[in-house]
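# Breakdown of the fold
So you can see what is in the structure, the chains are spelled out below.
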Amino acid sequence: MLGRRCPFLTALCAGLIVGVGYPFVDVGLACRTPSSEACVWGKAYFPLTLGVSVVVLGGAITGLLYVVLTWRRRHPSGDDAA
């Protein structure tokens, strides 16, 4: 059971980090000029963007990374197989 849980938890943590981090980076880049229209709208829609980003972007990253990690576990590279 631990064999399946470890890749999922790793993928879930990476997905959460990307899903939560993206809106902060986006607003940070938009607010280099605090009076710009992109900064004002970015701050106004930040809670919505955060929620959508965690679900959509974080979910996609979690799923993709989980598939990659489980695939690598089942198919070791030629160097690892002795």
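Residues numbered from 1 in each chain as written. Predicted model: local features only at pLDDT ≥ 70, side-chain atom pairs only at ≥ 80, totals over all residues. Heavy atoms only, no water.

### A short note on the environment of threonine 70
Applicable threshold: To qualify as a helix, a DSSP run of H or I must reach at least 4 residues; to qualify as a strand, a run of E must reach at least 2; elements of each kind are numbered from the N terminus. A 3.5 Å cut-off defines polar contacts: any pair of N or O atoms within that distance qualifies, except that in protein one atom must be a possible hydrogen donor and the other a possible acceptor, and neighbouring residues in sequence count only when both atoms are side-chain atoms.
Inspection of the secondary structure assignment puts threonine 70 in helix 3 (residues 46–74). Separated by 62 residues in the primary sequence, threonine 70 and phenylalanine 8 place their C-alpha atoms 8.8 Å from one another. In this structure the side chain of threonine 70 is engaged in a polar contact, spanning 3.1 Å, whose partner is the backbone oxygen of valine 67.

### Thoughts on the packing of aromatic side chains
For clarity, the threshold we go by: Ring pairs are drawn from Phe, Tyr and Trp, using the six-membered ring of Trp, whenever the two centres fall within 6.5 Å, and their geometry is named by plane angle: stacked under 30 degrees, edge-to-face over 60, tilted for the rest. Under the scheme applied here, a residue whose accessible area is under 20% of the maximum for its type counts as buried, over 50% as exposed, and between as partly exposed, the area being computed with a 1.4 Å probe on protein chains only.
Scanning all chains against the criterion turns up 3 aromatic pairs. Ring geometry for phenylalanine 24 against phenylalanine 46: centres 5.0 Å apart, planes inclined by 65 degrees, an arrangement best described as edge-to-face. Of this pair, phenylalanine 24 sits in helix 1 (residues 2–30) while phenylalanine 46 is found in helix 3, placing the two residues 22 residues apart along the sequence. On the basis of relative accessibility, which here comes to 49%, the residue phenylalanine 24 falls in the partly exposed class. For the ring pair tryptophan 41 and tyrosine 45, a centre distance of 5.6 Å and an interplane angle of 15 degrees mean the geometry is stacked. Overall, tryptophan 41 belongs to the partly exposed group, its relative accessible area being 45%. Looking at tyrosine 45, the relative accessible area reads 45%, which means it is partly exposed.

All we've got here are geometric facts, nothing functional implied.
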